[in-house]
Amino acid sequence: MRVYGVIGWKNSGKTSLMERLVAEITARGFSVSTVKHVHHDVDLDQPGKDTFRHRQAGAREVVLASKDRFALMVEHRGPEPDLSAVLARLSPVDLVLVEGYKRDSHRKVEVWRRETGHDLIQTGDPLVRAVATDATGLSLSVPVLDLNDTRAVADFILSEVGL
């Protein structure tokens with residue numbers, strides 16, 4: 001599977017870009033899956049529900065299935081899984097877009113906005129292959145893409161992964 005990352009600091013616009021990229025790339029006929037890394041505890045289940053009770057009883061994996069979708073919840077009860085372990089669980093698709101995992105070893109585009117007050121990640125990470133920004137006058141050693149030009153960002157990523 002081809003994997004490409006979208007990274008950046010909090011409130012830089014990563015999720016908005018991801019949403020637009022998925023729509024743009026799937027509209028071109030490619031299959032896309034996404035991985036979202038979070039730094040806080042997350043639980044898709046609700047206390048008292050059957051699947052929550054299964055997990056509380058000690059089930060390692062619980063599948064919640066309906067006519068429209070299913071969700072697999074895995075209790076790893078240990079260190080956070082690395083990206084390769086997460087990717088290994090996915091069904092084959094043309095492209096997996098990864099939001100976050102900024103320190104992992106896959107190619108990435110950085111979303112950067114001056115108003116967040118953070119330095120660029122790109123200057124210290126050779127795997128950041130472009131910066132998508134709404135800032136003007138930015139001169140970098142990698143392509144600077146217009147954050148609001150989803151088509152151009154998608155073109156760049158698809159070219160990078162050979163699609």
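Relevant structure appears above.
Note that the structure is a prediction, hence the values are computed from the model and not measured. (Residues numbered from 1 in each chain as written. Predicted model: local features only at pLDDT ≥ 70, side-chain atom pairs only at ≥ 80, totals over all residues. Heavy atoms only, no water.)

Draft legend 1. Fine view of the sheet that holds strand β2 (residues 32-36). As summarised here, the arrangement of the six strands in space is β2-β5-β1-β6-β7-β8, forming an open sheet in which the pairing is parallel. Strands at the two margins of the open sheet, each flanked by one partner only, are β2 and β8 (144-146). Between one strand axis and the next, the sheet turns by 25 degrees as a mean value, whatever way the strands run. Seen against the sheet, helix α1 (residues 14-27) touches β1 (2-7), β2, β5 (95-99), β6 (108-112) and β7 (128-133) and runs at an angle of roughly 170 degrees to β5. (Pairing = 2+ DSSP bridges. Helix = DSSP H or I, 4+ residues; strand = E, 2+ residues; numbered from the N terminus. Axes fitted to C-alpha atoms, helices over the stretch in contact; angles between N-to-C directions. Contact = heavy atoms within 4.5 Å.)

Draft legend 2. Highlighting the nonpolar core. Counting 21 residues, the largest nonpolar core has L21, L97 and I157 as the members making the most contacts within it. Residue assignment for this core shows that the elements contributing at least two residues are β1, α1, β5, β6, β7 and α4 (150-161). Counting residues per element, this core draws most heavily on α4, which supplies six residues. Each residue touching I157, except ones within four places of it in the same chain, is listed here: Y4, L21, L95, L97 and V109. (Core = buried A, V, L, I, M, F, W, Y, C linked by side-chain atoms within 4.5 Å. Buried < 20%, exposed > 50% of the residue type's maximum accessible area, 1.4 Å probe, protein only.)

Draft legend 3. Molecular detail of the pattern of salt bridges. Tallied over the entire structure, the rule returns twelve salt bridges. K36 is paired through a salt bridge with E99; the nearest N and O atoms lie 2.9 Å apart. With K36 in strand β2 and E99 in strand β5, this residue pair connects regions lying 63 residues apart in the sequence. Overall, the relative accessible area of 48% leaves K36 in the partly exposed class. Residue E99 is classed as buried on the basis of its relative accessible area of 4%. Two residues, E160 and R129, come together in a salt bridge whose shortest N-O distance is 2.9 Å. Taken together, the positions of E160 in helix α4 and R129 in strand β7 put the pair 31 residues apart, joining distant regions of the chain. Owing to a relative accessible area of 35%, R129 belongs among the partly exposed residues under this scheme. One continuous salt-bridge network, built from bridges that share partners, spans E24, R28, R151 and D155. (Salt bridge = Lys/Arg side-chain N within 4 Å of Asp/Glu carboxyl O.)

Draft legend 4. Representation of α4. Between the first and last C-alpha of α4 there are 17 Å, a value that for twelve residues agrees with the 16 Å anticipated at 1.5 Å per step. T150, V153, A154, F156, I157, L158, E160 and V161 are the residues of α4 that are buried. Contact partners of the buried residues in α4: β1, α1, β5, β6, β7 and β8. A positive phi of about 80 degrees marks G162, the residue just after α4. (Expected span 1.5 Å × (residues − 1).)

Draft legend 5. Broad picture of the pairing of β6. Of all the five residues making up β6, five are buried; the element is thus mostly covered by neighbouring parts of the structure. In β6, alternate side chains face the same way, and those of K108, E110 and W112 on one face and V109 and V111 on the other are all buried. Pairing geometry for β1 and β6, over three bridges, is parallel. Of the residues in β6, the one forming a bridge with V6 is V109. As judged from the five bridges shared by β6 and β7, these two strands associate in the parallel manner. Counted as the bridge partner of V109 is A130 from β7.

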